Amino acid sequence: MQIGIIGLGRMGGNIAVRLSRHGHDVVLFDRDPATVGKVRDRTEGGRGIAADSVADLVGKLTASRKIVWVMLPAGEITEAAVQELAGLLGSDDILIDGGNSYYKDDIRRAAQLAEKGIHYIDVGTSGGVWGLERGYCMMYGGSKDSADHIDPILDALAPGKGDVPPTPDRDKPDLDPRAEKGYLHCGPAGSGHFVKMVHNGIEYGMMQAFAEGFDIMKTKNSPLLPEDQRFDLNMADIAEVWRRGSVVSSWLLDLTAEALAKNASLSEFTGEVADSGEGRWTLEAAIEESVPAPVITASLFTRFRSRTGNNYAEKILSAMRFGFGGHVEKK
């Protein structure tokens, strides 16, 4: 299939390259022309075509149903791109937002574009900088027709079944077999980003639990404790042993172990931990639904506090964010 990709940053560029590796043609645009050239040169089989504007990208799409994937930061930048594309795409074309937009914006945009016959799909995309090789876990919302049409694209981006053991009892007719391959049509427009939003809220809580646990262990040699209760524990070794068969083994722990093995003091991190919006939106949804979410709430507030003073726990959080998403602390 042919697809246009707008926004060639850490994830957008890798998405384009992965699609080219699976035989799809990609038309590329980014506001930085040098980035367009670099990504085009990384695509395989000559399947990357450079565009010098959004309009040029749309013009170079030759399929009967044009498909454009927007991979830009949530907010005004994505909104501007969607509105520009609304004036360039035609009836039955498909516009995909693969970033981390607020799901209520998706619902509004889908209704607006539907008036012009344009289909809108919101794809919550998880995989960070590792997605090129590992594949991307995707949760998406939109009409069934448009979702089915782009299935070959999503199938190429997804990690596939791999060597993950199958879950028992998944042979039921009401369970979607695509979930086993790492991508899932969640429902109407907005549902994909809603599920990804909650995914990121859970991520906040998991990261915070690891961060606090390692801080407790690191501080076990505190002079405030009786001498016979002080332990000088090796954080890198503990992270490594937990990776091997423990019930808390996970990719986040893998990233923590990698960071600690490199530098157990994590001195390269200040511990000032940013939040990219999804944690706040998850709590807003919890409040609207009257669902208690104390862990996610505490983890978000800890990120706020980290910007006024921090400790080893916040450095663990920064190390994990850099590991999975390449997020660099703001200077």
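Attention here is on the structure that accompanies the text. The shown structure was predicted, so the numbers you read here are calculated from the model rather than taken from an experiment.

1. Points about empty space enclosed by the protein
Argument step 1. Per the counting criterion, the structure on display carries one cavity of 30 Å³ or more.
Argument step 2. Estimates place the volume of the largest cavity at around 30 Å³.
Argument step 3. As for the largest cavity, its lining consists of Gly99, Asn100, Ser101, His193, Lys196, Met197, Glu278 and Trp281.
Argument step 4. For the lining of the largest cavity, the elements supplying multiple residues, two or more each, are helix 9 (191–218) and helix 12 (278–289).

2. Observations regarding the packing of aromatic side chains
Argument step 1. If you walk through the whole model with that rule in mind, you get seven aromatic pairs.
Argument step 2. Both rings, one in tyrosine 140 and one in tyrosine 183, keep their centres 6.3 Å apart while their planes meet at 20 degrees; by these two values the pair is stacked. Of this pair, tyrosine 140 sits in strand 7 (residues 137–141) while tyrosine 183 sits in strand 8 (residues 183–187), and the two are 43 residues apart along the sequence. One exposure class covers both tyrosine 140 and tyrosine 183, and it is buried.
Argument step 3. Following the ring pairs from residue to residue traces out a cluster consisting of Tyr102, Tyr103, Phe194 and Trp281.

3. What about the layout of surface pockets?
Argument step 1. As a volume, the second largest pocket reaches approximately 310 Å³.
Argument step 2. In terms of lining residues, the second largest pocket is bounded by 14 residues, among which Lys262, Glu268, Phe269, Ala319 and Phe322 are the most central.
Argument step 3. Those elements that place two or more of their residues in the lining of the second largest pocket are helix 11 (251–262) and helix 14 (312–325).
Argument step 4. In terms of residue count, helix 11 provides more of the lining of the second largest pocket than any other element does, four residues in total.
Argument step 5. Of the residues contributing to the lining of the second largest pocket, the split by class is seven nonpolar, two polar and five charged.

4. Looking at the nonpolar core
Argument step 1. Ranked by size, the top nonpolar core spans 30 residues in total, and within it Leu19, Trp69, Ile96 and Met138 carry the most contacts.
Argument step 2. Setting aside residues no more than four positions away along its own chain, isoleucine 96 makes contact with Ile3, Ile67, Val68, Trp69, Val70, Ile121, Val123 and Ile150.
Argument step 3. Among the nonpolar cores identified, the runner-up in size contains 25 residues, and Ile238, Ala257, Ile316 and Phe324 belong to it.

5. Side note on the sheet that holds strand 6 (residues 119–126)
Argument step 1. As summarised here, the arrangement of the eight strands in space is 3-2-1-4-5-6-7-8, forming an open sheet in which the pairing is mixed. A strand with exactly one partner marks an edge of an open sheet, and here the two such strands are strand 3 (48–50) and strand 8. Averaged over all pairs of adjacent strands, the angle between their axes in this sheet comes to 25 degrees, without regard to strand direction.
Argument step 2. Where strand 7 and strand 8 come together, four bridges link them in parallel fashion. Looking at the pairing, methionine 139 lines up with leucine 184 of strand 8.
Argument step 3. Running over the sheet, helix 1 (residues 12–21) touches strand 1 (2–6), strand 2 (25–29) and strand 4 (67–70) and is turned about 165 degrees from strand 1.
Argument step 4. The sheet strands contacting helix 9 are strand 5 (94–97), strand 6, strand 7 and strand 8, and the helix crosses strand 6 at an angle near 20 degrees.

Thresholds applied
- Residues numbered from 1 in each chain as written.
- Predicted model: local features only at pLDDT ≥ 70, side-chain atom pairs only at ≥ 80, totals over all residues.
- Heavy atoms only, no water.
- 1 Å grid on protein atoms, 1.4 Å probe; cavity = no way out; pocket = protein on both sides within 12 Å on 5 of 7 lines; lining within 4 Å.
- Points joined across faces, edges and corners; volume = space filled by probe spheres on them.
- Helix = DSSP H or I, 4+ residues; strand = E, 2+ residues; numbered from the N terminus.
- Phe/Tyr/Trp six-rings, centres within 6.5 Å; stacked < 30°, edge-to-face > 60°.
- Buried < 20%, exposed > 50% of the residue type's maximum accessible area, 1.4 Å probe, protein only.
- Nonpolar A, V, L, I, M, F, W, Y, C, P; charged D, E, K, R; others polar.
- Core = buried A, V, L, I, M, F, W, Y, C linked by side-chain atoms within 4.5 Å.
- Contact = heavy atoms within 4.5 Å.
- Pairing = 2+ DSSP bridges.
- Axes fitted to C-alpha atoms, helices over the stretch in contact; angles between N-to-C directions.

On their own, these measurements won't tell you what the molecule is for.
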